[in-house]
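As a plain string of letters, each chain reads:
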Amino acid sequence: MSSKIPERTKRRVEDILSRYPRREAALLPVLSALQEERGFLSPSDEEWAAETLGLPPVKVREVVTFYSLFRRKPAGRHHLQVCTNVSCALNGADGLLSHLRQKLGVSEGEMTGDGRFSLAAVECLGNCDQAPCLMINDEHYGRLDLRTLDEILEKLG
Amino acid sequence: MVRLVIDDRTVSVEPGTTILEAAEQAGIEIPHLCYHPALPKAGTCRLCAVEIEGQPKLEPSCSTEVREGMVVRTESPRVIEARRSVLELLLTEHAMDCPICDKAGECRLQDYYQAYSLAPGVYAEDKTRREKKVPLGGGLLLDRERCVLCTRCVRFLDSVTGTSELGVFERGIRSEIACFEGRPVDNNYSGCLSEICPVGAITDADFRFRTRSWFLEAKETICPLCGRGCRIVLERHPGFPRLPGTAKVLRVRSRPDDLVNGHWICNVGRYGYGYLEQERCRDIAGPLAKRLGLKTWDDVVAHLAARLRALRLKGRQAHMAVVVSDWLTTEELFLAGAVFQRDLEIGRCHVVGPRDDSPDGMLLTAERSPNRAGAKALGFGLEEPTLEDLARDAEMLMVFGPFLGEKFRPDEIGAALAGVKTKVLFTPRDNGLGRFFDLVVPTVWPAEKDGTFTNCQGLTRAFSAAFAPPSSAVEEWRLLAALGRAVGRNPHFYTPLRCAGDVRRAMP
Amino acid sequence: MILAGDRFLTRDFDLEHLYRIESYAARGGYQAAAKALKTMTPDEVLEEVKAANLRGRGGAGFPAGIKWGFVPRETDAPRYLCVNADEGEPGTFKDRYLMSHNPHRLLEGMILASYAVGIRTAYVYIRGEYGAIARRLEAAVTEAKASGWLGDHIAGTEFGLEVFIHRGAGSYICGEETALLESLEGKRGHPRLKPPFPASVGLFRCPTVINNVETICNIPDIILHGAEAFLRRGLSRDGGTRLFSVSGAVAKPGCYELPAGASLRELIFDRAGGMRLGRKLKAVIPGGLSAPVLLEKEIDIRLDGDSLVEAGSMLGSAGIIVIDDQTPMTMVLDKMAGFYAHESCGQCSPCRIGTAWMARIASRLRSGRRRDGDLETILRLAANIKGRTLCPMGDAAALPIAALVTKFRDELERTS
């Protein structure tokens, strides 16, 4: 089980642990570090985190399922998170989303067959003056229209 | 002390008391779901909200501490409206399963809806469908359509057992109670979860679909299955003539006791009630009974008394042995001591109980009998006898309780006791031990008689019969008192009133 | 980022590398920290912040100095500072700009706050979606440590401070201070019962101060130039300047620094370029999504706490969302109700179920399937959530939804 966690991640986790007076407090950054490895959190990741932090595994899953950024299923290589809150909607976000649905042939929560893209509708990303905006993995893109969006997707591998 | 007014009643309570607790002390019940006196506060169901004079918002009474001079209203129009609103919201997500739900008749949601609402449902959206039979472990099933997310179950496993098998997954309306795969609820108090669940979300395989709660007759007693002696309630289906079927206990619940078990009982006590009806010794039996035509226990007493008197006159005390058990009440042990040791001068008097087993670090003790401390206090030696000890030069052996059959193997017992001329067994349980005895007399379990036990903490508590024993069975104390009178040395002594006084004096 | 007018919070934001410590220091950075640590007592720093009446910039508007004063004087427990960089209130993006342009300003403010209250360890709780900004903050912490502005013996004094950056993972409710603490402790973001308050029982049950990014960023100025100067900058009782995030149907969406009490109409039409595409203004949400909506006729109002409360709304996070006349309010209602239902932590019954029910109705309304009584139901639900929940998110959901339904009732009733 723990053999699946690469050494570099374990070192990162050690560093993360040093920032908190209690091991359990490190859970969110530890889960983020684990998720970066494979793009999602598997039950064995949860169990490893539980063991490392001295928590029952059920408490780890409580956290994994509470927060929107943690995923329990694989995402595409490029996880497209389209903001659909008010300011972005006022600037055409819903149109962007339906464009992506159509272009990629997937709905929210799904992944393209080739594993390139997955799609999600998300709440406000704090980028409202760049509306409509989306995130691809950890990067923000704003002031999008259908053309610029297509261009961005083209350039992605 | 803090003085406050609740619904025009002045109450005086310790500082740190919550409004809900203070109201309870004043005899006012404030509806609640997530609150439980023995669990950490959640304050999430919002059903217990009350009005406090001078404060703009309603406050949750379960988590608001009293202050001097507070004026609280628990039934004002605002409060009732808030209560109805919470009930309405809970019912929009709640499956209307009452006709098939075990909890019907003892469900807080039903009770509060009836008391405070009875409003017709106006929810016209789709009702969220959820899984209805999620196995949680320990024979428990979770119905997520009934769950009101009070989190009592989660908090119980976090703070009482410390095993934390359950958690809340997802968030918002998608929140659900769940366990981690491969790690189900697995501890000696899992049965408490169904009891503390305020609705029918967590049901127990032991009780599921067996009866309706309103058919059950609740009787209080003390659990005899270990040395703790937790207070319990036996819930019994009355059977014929009230309802079809035979009377039997269908469920055991805990009864609060600050000094002993708090609000809990363990699974051993909760699920171990089968002995009350199963394998009961029903009739006076044995070759001796047949030969002498002994039909009733009076017959038995008369015959035994004669035989015992004769043996004593012949000076054969050293050739008589008695086994009592630490499942007997203190009164019975006292009577046994008086009849056998004092009046009949039988020195060979032993105590045999069930095997010790693992304690659980909480309520369950290693000793699996309820009155070992009582036996000890009366001066009975607790070293366990071997079969050899019982059979050596013995012409007469009298055994109370089935536990020899649990301590020794049948072939051992048969071989050892073969040489004892007269063997009498007084037992409630027919576990095959009787076939080695000449006379078997059916007796009763603690739930079927009055008496006292002294538990492992040294606390002595009295209990009364929860229900009547089978008609052919006799309480050990009644038999012993009659035997004592019949033996004749101190006949007037064996009246219940005198006995009680002497028992008190005998206990240190 | 649009820069104009007197700039205090956004001073030097046109410098490309202001986020590097050399640039910040060259422009006067860390002078306030030096002044406080070397020439002022912690109490003097606290009193100055109190005198400035600096109101929290996160949404609640609670005066920072008073909050700091709640931390018990005598305690053996460690104390903590948590900077709330969760910025989840829709329509708000000011903290993003503050942190990415001038992270050292934040650190300097944190040094001052910690010095005033006796704190040695501070966390910046930054929303998970701000990854690049978290990295910039980490780099700033590294620079500050290397330059002796963090760690032990800052500026050669006895005072020391450790700062850690902690990323959230996608949850609006973690912007509520007690939910933030729960999240920082590695748990679900469930708000706590109050009392007790974080000042006495906070992070790891220790006394804790929680302040918004912008609030902290104001501290260096207050210490360097005094409370009076700060107060005078405001146009009303609220002192200082504020960063207003303007977005929606305006021509120049962006972050604008203006004196507290500036005019909303001027902000929209003079600074933010007015309506886009020649459309007309229909409504303005003035303080982040949780602030009750204002109609066009209501926007001649001062952008300060008191004025907006008087108008039945609030300044909140000063996130101004401008809605045009081509936008159906059913869409706005659907987004609004859907947001709160999605973000509800689920602990308490009124919010968990009430927001879901409202969202379901709002969704139906948007797709044209209105039924009689829908709007009454929404208003009734909002009234039953308001003031009845464990944390302020109940009100945050109920008040704007009720306001929208009430003020746009005619329009909503005409949809079917």
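What counts, and at which threshold
Residues numbered from 1 in each chain as written. Chains lettered and ligands numbered in written order. Predicted model: local features only at pLDDT ≥ 70, side-chain atom pairs only at ≥ 80, totals over all residues. Buried ≥ 20, exposed ≤ 12 C-beta atoms within 10 Å, placed from the backbone. Helix = DSSP H or I, 4+ residues; strand = E, 2+ residues; numbered from the N terminus. Pairing = 2+ DSSP bridges. Axes fitted to C-alpha atoms, helices over the stretch in contact; angles between N-to-C directions. Parallel < 35°, antiparallel > 145°, perpendicular 65-115°, else oblique. Left-handed = near helix turned anticlockwise from the far one by under 90°. Contact = placed C-beta atoms within 7 Å. Nonpolar A, V, L, I, M, F, W, Y, C, P; charged D, E, K, R; others polar. Domains from an automatic or database assignment. Core = buried A, V, L, I, M, F, W, Y, C linked by C-beta atoms within 7 Å. pLDDT = per-residue confidence, 0-100. Arc of directions from axis to C-beta.

Below, the discussion takes up the pairing of strand S1 (residues 80–85) of chain C. Residues and elements named next belong to chain C. Burial runs high along S1: six of the six residues are buried. Side chains Tyr80, Cys82 and Asn84 project from S1 onto one buried face, and the interleaved Leu81, Val83 and Ala85 project onto a second face that is buried too. In this sheet, strand S2 (residues 121–126) lies alongside S1 in parallel orientation, the contact comprising six bridges. Residue Asn84 lies in a different strand from S2, and its bridge partner there is Tyr125. Bridge count for S1 against strand S4 (residues 208–212) is five bridges, and the pairing is parallel. Residue pairing across strands places Val83 opposite Asn211, the latter belonging to S4.

To continue, consider the packing of helix H9 (residues 330–343) of chain B against helix H14 (residues 476–487) of chain B. Residues and elements named next belong to chain B. Packing of H9 against H14 leaves a shortest axis separation of 9 Å and a crossing angle of 25°. Taken together, the axes of H9 and H14 are roughly parallel relative to one another. When you trace H9 past H14, the crossing you get is left-handed. On H14, the residues that touch Glu331, Glu332, Leu335, Ala336, Ala338, Val339 and Asp343 of H9 are Glu476, Trp477, Leu480, Ala481, Leu483, Gly484 and Val487. Residues of the contact of H9 with H14, tallied by class, amount to nine nonpolar, one polar and four charged.

Taken together, the 22 residues of chain C in the interface contact 22 residues of chain B. If you list the elements that add at least two residues to the side of chain C that touches chain B, you get helix H13 (329–343) and helix H14 (349–366) of chain C. Ranked by the residues each element gives to the side of chain C that touches chain B, the list is headed by H14 of chain C, at nine residues. Its residues assigned to classes, the side of chain C that touches chain B comprises ten nonpolar, eight polar and four charged.

Before going further, it helps to examine the interface of chain C and chain A. Taken together, the 46 residues of chain C in the interface contact 33 residues of chain A. Breaking the side of chain C that touches chain A down by element, the ones donating at least two residues are strand S3 (162–167), helix H8 (177–184), strand S5 (241–248), strand S6 (254–259), strand S9 (319–324) and H13 of chain C. Ranked by residues supplied to the side of chain C that touches chain A, first place goes to H13 of chain C with seven residues. Considering only residue class, the side of chain C that touches chain A consists of 18 nonpolar, 18 polar and ten charged.

Residue and element names in this part refer to chain B. The five strands lie next to each other as S15-S14-S16-S17-S18, forming an open sheet whose pairing is parallel. Of all strands in the sheet, those with a lone pairing partner are strand S15 (348–351) and strand S18 (439–442), marking the two edges. Sheet twist, expressed as the average angle between the axes of neighbouring strands with direction ignored, equals 10°. For strand S14 (residues 320–324) and S15, the ladder comprises four bridges, and the chain directions are parallel. Residue Val324 lies in a different strand from S15, and its bridge partner there is Val351.

Residue and element names in this part refer to chain B. If you check the domain split of chain B, you get domain 1 (2–88), domain 2 (94–120 + 129–204) and domain 3 (287–506). With 14 residues of domain 1 at the interface, the matching set in domain 2 holds 15 residues. Its residues assigned to classes, the side of domain 1 that touches domain 2 shows nine nonpolar, two polar and three charged.

Looking now at the pairing of strand S17 (residues 422–427) of chain B. On any regular strand, side chains alternate: one points to one face of the sheet, the next to the other face. Residues and elements named next belong to chain B. Most of S17 is tucked away, with five of its six residues classed as buried. Pairing of strand S16 (residues 396–400) with S17 involves five bridges; the strand directions are parallel. From the neighbouring strand, Met398 faces S17, where its bridge partner is Val424.

Moving on, we come to the environment of Pro241 of chain B. Residue and element names in this part refer to chain B. Considering the arrangement of structural elements, one finds Pro241 in the loop between strand S12 (231–237) and strand S13 (248–254). Using a count of 6 C-beta atoms within 10 Å as the deciding quantity, one classes Pro241 as exposed. Expressed as a C-alpha distance, the spacing of Pro241 and Ala416, which sit 175 residues apart in the sequence, is 46 Å.

Judged by nonpolar contacts, the single largest core of 273 residues is most densely connected at Cys82, Val83, Leu112, Leu267 and Ile401 of chain C. Examining the composition of this core, we find that ten residues originate from one element, helix H16 (residues 393–407) of chain C, more than from any other. Judged by nonpolar contacts, the second largest core, of 63 residues, contains Leu288, Leu328, Ala338 and Leu390 of chain B.

On to the environment of Arg372 of chain B. Residues and elements named next belong to chain B. Within the secondary structure layout, Arg372 lies in helix H10 (residues 372–377). Owing to 25 C-beta atoms within 10 Å, Arg372 belongs among the buried residues under this scheme. As for Arg372 and Thr454, which are separated by 82 residues in sequence, their C-alpha atoms are 7.5 Å apart. Aside from chain neighbours lying at most four places away, what touches Arg372 is Gly227, Asp326, Gly353, Glu367 and Leu382.

With that settled, consider the confidence of the model for chain B. Considering every residue of chain B, the mean pLDDT works out to 95; 99% of them sit at 70 or more. Scoring the predicted complex yields pTM 0.96 and, for the interface, ipTM 0.96.

A separate point is the sheet that holds strand S2 (residues 117–122) of chain A. Within a sheet, each strand pairs with its neighbour through backbone hydrogen bonds, oriented either parallel or antiparallel. Residues and elements named next belong to chain A. Strand order in the open sheet formed by four strands is S2-S1-S3-S4, and the pairing between neighbours is mixed. Each edge of the open sheet is held by one strand with a lone partner, namely S2 and strand S4 (139–141). Sheet twist, expressed as the average angle between the axes of neighbouring strands with direction ignored, equals 25°. As defined by bridge partners, strand S3 (residues 134–136) adjoins S4 across three bridges and the pair is classed as antiparallel. What sits directly across from Met135, in S4, is His140.

Turning next to the packing of H14 of chain C against H16 of chain C. Residue and element names in this part refer to chain C. Interaxial distance between H14 and H16 falls to 10 Å at its minimum, and their mutual angle equals 25°. Between H14 and H16, the angle is such that the two are roughly parallel. Considering how the two elements wind past one another, H14 and H16 form a crossing that is left-handed. Taken together, the residues of H16 that come into contact with H14 (itself represented by Pro350, Cys351, Thr355 and Met358) are Met393, Gly394, Ala397 and Ile401. Tallied by class, residues from the contact of H14 with H16 come to six nonpolar, two polar and no charged.

Here we take up the domain arrangement of chain A. With domains assigned, chain A is organised as domain 1 (2–66) and domain 2 (78–155). Computed over C-alpha atoms only, the centres of domain 1 of chain A and domain 2 of chain A are separated by 29 Å.

Attention now moves to helix H3 (residues 42–51) of chain C. All names here are of chain C. Turning to H3, its buried residues number three or more, namely Val45, Leu46, Glu48 and Val49. For H3, the angular spread of buried residues about the axis comes to 160°, placing them on one side. Phi for Asn53, located one or two positions after H3, is positive at around 50°.

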